[in-house]
Amino acid sequence: MAWTLLIIAGLLEVIWAIGLKQSDGFTRLLPSVITITAMVVSFALLAAAMRSLPVGTAYAVWTGIGALGTAVIGMVFLGESREALRIACLVLIVAGIAGLKLTSAS
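Enquirer: What's the story with the pattern of salt bridges in this structure? I'm lost.
Expert: Any two side chains of opposite charge can pair, given that their charged atoms come close. Here the structure, examined in full by the defined rule, presents 1 salt bridge. Arg86 serves as the salt-bridge partner of Glu80, at 3.3 Å between the closest nitrogen and oxygen. Classification of Glu80 by relative accessible area gives partly exposed; the value is 34%. Taking the relative accessible area as the measure of exposure, Arg86 reaches 26% and is therefore partly exposed.

Shown next as structure tokens:
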């Protein structure tokens, strides 16, 4: 269950990271509300997951999911760079997340 909570928390991190961009510095109401809501729920789920997962693993996986998801959405929907080196670095993040999951005691 902790891993499920952590994955959902990571996906919500993607939403709030993209929401920060869409809120235009918290000057647009709906994107701002979505961003703040996603932040609060993401942190709450991360905290719940940390009850049974090691803090280093949980935090690294949470930020990894957020970084990976945000970068992919940026490339697909926001016209950000898709150069090979950038994609290779994202693959390394996936490898790191998988490695942490495989070596975690919980």
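From this point, the discussion proceeds with the structure in view.
Enquirer: Looking at this structure, how should I read the nonpolar core?
Expert: In a soluble, globular protein the nonpolar side chains are often hidden away together inside. If you look at the biggest cluster of nonpolar residues, it comprises 19 residues, and the most contacted ones within it are Leu6, Leu46, Leu53, Val61 and Trp62. Broken down by secondary-structure element, the contributors of at least two residues to this core are helix H1 (2-22), helix H2 (29-49) and helix H3 (55-77). Here this core takes 7 residues from H1, the largest share from any one element. If we ignore the near neighbours within four places in the chain, the residues touching Val61 are Trp3, Leu6, Ile97 and Leu100.

Enquirer: Honestly, the environment of Arg82 in this entry has me stumped. Any pointers?
Expert: In this fold, Arg82 is placed in the loop between H3 and helix H4 (84-103). Separated by 75 residues in the primary sequence, Arg82 and Ile7 have C-alpha atoms spaced 25 Å apart. In this structure, Arg82 is in contact with Met75, Val76 and Ile87, ignoring residues within four places of it in sequence. A polar side-chain atom of Arg82 sits 2.8 Å from the main-chain carbonyl oxygen of Met75.

Thresholds, definitions, all that
Residues numbered from 1 in each chain as written. Predicted model: local features only at pLDDT ≥ 70, side-chain atom pairs only at ≥ 80, totals over all residues. Heavy atoms only, no water. Salt bridge = Lys/Arg side-chain N within 4 Å of Asp/Glu carboxyl O. Buried < 20%, exposed > 50% of the residue type's maximum accessible area, 1.4 Å probe, protein only. Core = buried A, V, L, I, M, F, W, Y, C linked by side-chain atoms within 4.5 Å. Helix = DSSP H or I, 4+ residues; strand = E, 2+ residues; numbered from the N terminus. Contact = heavy atoms within 4.5 Å. Polar contact = N/O pair within 3.5 Å; in protein donor to acceptor, adjacent residues only side chain to side chain.

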